[in-house]
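Inside the fold
Spelled out, the chains give:
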Amino acid sequence: MSTTATVSVFFLGGTISMTPVGGTAASGDTHSEDAHSGGAVSRLGPRELVDAIPGLAALGVTLDLRDFRKLPSADLCFADLLELLDVAERANTDGVVVVQGTDTLEETAYLFDLLWRGDAPIVVTGAMRNPSLAGADGPANLLAAVTVAAGSQFRGLGALVVLNDEVHAARHVAKHHTSSPAAFVSPNAGPIGRVVEGTPTPTASVARLPTLARPATISVSVPVISIALDDDGTLLDGIERRCAGLVVAGFGAGHVPGRLAERLGAIAARIPVVLASRTGAGPVLSRTYGAIGSEVDLLQRGLVGAGMLDPFKARVLLSVLLANAGSREVVAAQFARLAGVAHS
Ligand code: ASP
């Protein structure tokens, strides 16, 4: 593939830019006094990363490199990501690549999918093995991400995640392994494409969902509480006074112990409560199980079903809706519109 496209590449940190403290010195080392010797921290800058990629220059893509943050992705905040969207939109390039740590990558990508207004692909990538390790995957992932962002094949589809030569829709993808280079999967749908011999190749279609109004800030407190066997619900106590909304990661198709049902209903009368599943795949059901604490019971008590969204994506969507001052009715309507089974 050779192209005249221009692609903005935003570097946020993560494993792809990490080298071990006490190892090879690198420019931009802002963490050495702040980090544990022997462990890897973000140190490499955009130029060093890009120059290390065989085949990138031959693409002919003009790269607009942005040294945006140098953080482990656990330290990224909604404010960083909203700022990035503003800057990326002003850059007005043919495509955007966001390079970040993989730990929160699925949440970042889903936020972008909800709020990115353009047709230009916004492609999120990272690495599972840092550059000091054998088989480091960062260069291949970044090359594939630029290839997808510069091409026409995935235009108009919102945010995408590209790792391991696979293209995933942001709404489906999740990190399902702590260390494998094949950590990213779309459990409900599979990848929507691949990069084959350097060419972005769609293998499945995905509908572009409507975007939401972009809030100036997202500073609402929305925890995810996962329910466990014989859970006494201690974490739920007084939560409606401390938080703007809540995501409950229930068992199976959306279930909690019966003794928590009334308490959750009372909380849902005060703040929006979204019912998701802790299983990692499949929809929250709506009319299958009838016991107290099952999905039928909880939805009747006012909880909102998360549809196909896992708890972490449901939290991102709920946070955006609440930052836009959405009522419980708006939250229910938007989850039905954006998270439903029909959109898989
Ligand atoms: N801890 C890293 C992060 O910043 C992990 C990674 O990049 O894969 O998310």
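Please refer to the structure higher up on the page.
Everything numeric in this text was worked out from a predicted model, so none of it was measured.

Here the focus is the sheet that holds strand β8 (residues 166-169). Reading across the sheet, the eight strands line up as β4-β1-β5-β6-β7-β8-β11-β12 and stay open at both edges, with mixed pairing between neighbours. The outermost strands of the open sheet, each flanked by one partner alone, are β4 (62-67) and β12 (199-202). Pairwise comparison of adjacent strand axes, ignoring direction, gives a mean angle of 25 degrees for this sheet. With four bridges connecting them, strand β11 (residues 193-196) and β12 associate as antiparallel partners. Of the residues in β12, the one forming a bridge with Arg-194 is Thr-201. Against the sheet, helix α2 (residues 78-91) engages β1 (6-11), β4, β5 (95-99) and β6 (122-125), with an angle of about 160 degrees to β1. Its contacts with the sheet put helix α4 (residues 138-150) on β1, β4, β5, β6, β7 (159-163), β8, β11 and β12, and the angle it makes with β5 is roughly 155 degrees.

With that settled, consider the pattern of salt bridges. Using the criterion set out here, one finds 16 salt bridges in the structure. Between Asp-113 and Arg-208 there is a salt bridge, and its shortest N-O distance comes to 3.3 Å. Taken together, the residues Asp-113 in helix α3 (residues 105-115) and Arg-208 in the loop between β12 and β13 (224-226) connect sequence positions 95 residues apart. Residue class for Asp-113 comes out buried when judged on its relative accessible area of 5%. Look at Arg-208 and you get partly exposed, because its relative accessible area is 26%. Asp-237 serves as the salt-bridge partner of Arg-263, at 2.9 Å between the closest nitrogen and oxygen.

Once that is clear, we can look at helix α9 (residues 328-338). Residues of α9 that are buried: Val-331, Gln-334, Phe-335 and Leu-338. With its buried residues spanning 100 degrees around the axis, α9 presents them on a single face. Away from its buried face by more than 90 degrees, α9 exposes Glu-329 and Ala-336.

Here we come to the site of the ligand. In the neighbourhood of the ligand, the contacting residues comprise Gly-14, Thr-15, Pro-72, Ser-73, Gly-101, Thr-102, Asp-103 and Ala-127. Interatomic distance of 2.8 Å between a backbone N/O atom of Thr-15 and an oxygen atom of the ligand. Thr-102 has a polar side-chain atom sitting 2.3 Å from an oxygen atom of the ligand. Considered on its own, the ligand offers 260 Å² of accessible surface; in the complex 86% of this is hidden by protein.

Parameters at a glance
- Residues numbered from 1 in each chain as written.
- Predicted model: local features only at pLDDT ≥ 70, side-chain atom pairs only at ≥ 80, totals over all residues.
- Heavy atoms only, no water.
- Pairing = 2+ DSSP bridges.
- Helix = DSSP H or I, 4+ residues; strand = E, 2+ residues; numbered from the N terminus.
- Axes fitted to C-alpha atoms, helices over the stretch in contact; angles between N-to-C directions.
- Contact = heavy atoms within 4.5 Å.
- Salt bridge = Lys/Arg side-chain N within 4 Å of Asp/Glu carboxyl O.
- Buried < 20%, exposed > 50% of the residue type's maximum accessible area, 1.4 Å probe, protein only.
- Arc of directions from axis to C-beta.
- Near = heavy atom within 4 Å.
- Polar contact = N/O pair within 3.5 Å; in protein donor to acceptor, adjacent residues only side chain to side chain.
- Areas by Shrake-Rupley, 256 points an atom, 1.4 Å probe, with all protein chains shown as cover.

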